[in-house]
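What follows is each chain in one-letter form.
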Amino acid sequence: MGLAVCLEPLLEYLYEVLMEQLAENPDVFRIPGDGTGAACFGERRLCTLRELKNAGQAAGG
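Residues numbered from 1 in each chain as written. Predicted model: local features only at pLDDT ≥ 70, side-chain atom pairs only at ≥ 80, totals over all residues. Heavy atoms only, no water.

Caption draft 1: Here's a closer look at the overall build of the chain. The secondary structure content of the chain amounts to 2 helices and 0 strands. Across the 61 residues in the chain, those meeting the buried criterion constitute 5%. In the form shown here, the chain has an accessible surface area of approximately 5400 Å², with 63% of it arising from carbon and sulfur atoms. (Helix = DSSP H or I, 4+ residues; strand = E, 2+ residues; numbered from the N terminus. Buried < 20%, exposed > 50% of the residue type's maximum accessible area, 1.4 Å probe, protein only. Areas by Shrake-Rupley, 256 points an atom, 1.4 Å probe, with all protein chains shown as cover.)

Caption draft 2: Layout of a nonpolar patch on the surface. On the surface, Leu 3, Leu 7, Leu 10, Leu 11, Leu 14, Tyr 15, Leu 18, Met 19, Leu 22, Val 28 and Phe 29 cluster together into a nonpolar patch covering about 990 Å² of accessible area. Here Phe 29 is to be found in the loop between helix 1 (2–24) and helix 2 (38–58). Accessibility expressed as a relative area gives 40% for Phe 29, which makes it partly exposed. (Patch = residues over 30% accessible without salt bridge, like charges linked within 9 Å, V, L, I, M, F, W, Y side chains within 5 Å. Salt bridge = Lys/Arg side-chain N within 4 Å of Asp/Glu carboxyl O.)

Caption draft 3: Layout of helix 1. For helix 1, with 23 residues, the first-to-last C-alpha span of 34 Å sits near the 33 Å given by 1.5 Å per residue. Remark: the principal bend of helix 1, roughly 40 degrees, maps to Glu 8, with a proline, Pro 9, within the next four residues. (Expected span 1.5 Å × (residues − 1). Bend = angle between axes of the 7 residues up to and from the residue.)

Spelled out as structure tokens, the structure:
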């Protein structure tokens, strides 16, 4: 609880700065070549990891 109280001002400031940057340029948080942004990147990454896991299990590894 004490750590959360100490970090709150820092995290609040960070949030404000990031929201200002997003308001100025919405593309700042997008991954180049990906029209849907970081969320799609994460989803694709998880799908790839699942596919690799399933392929490894199917191969007996």
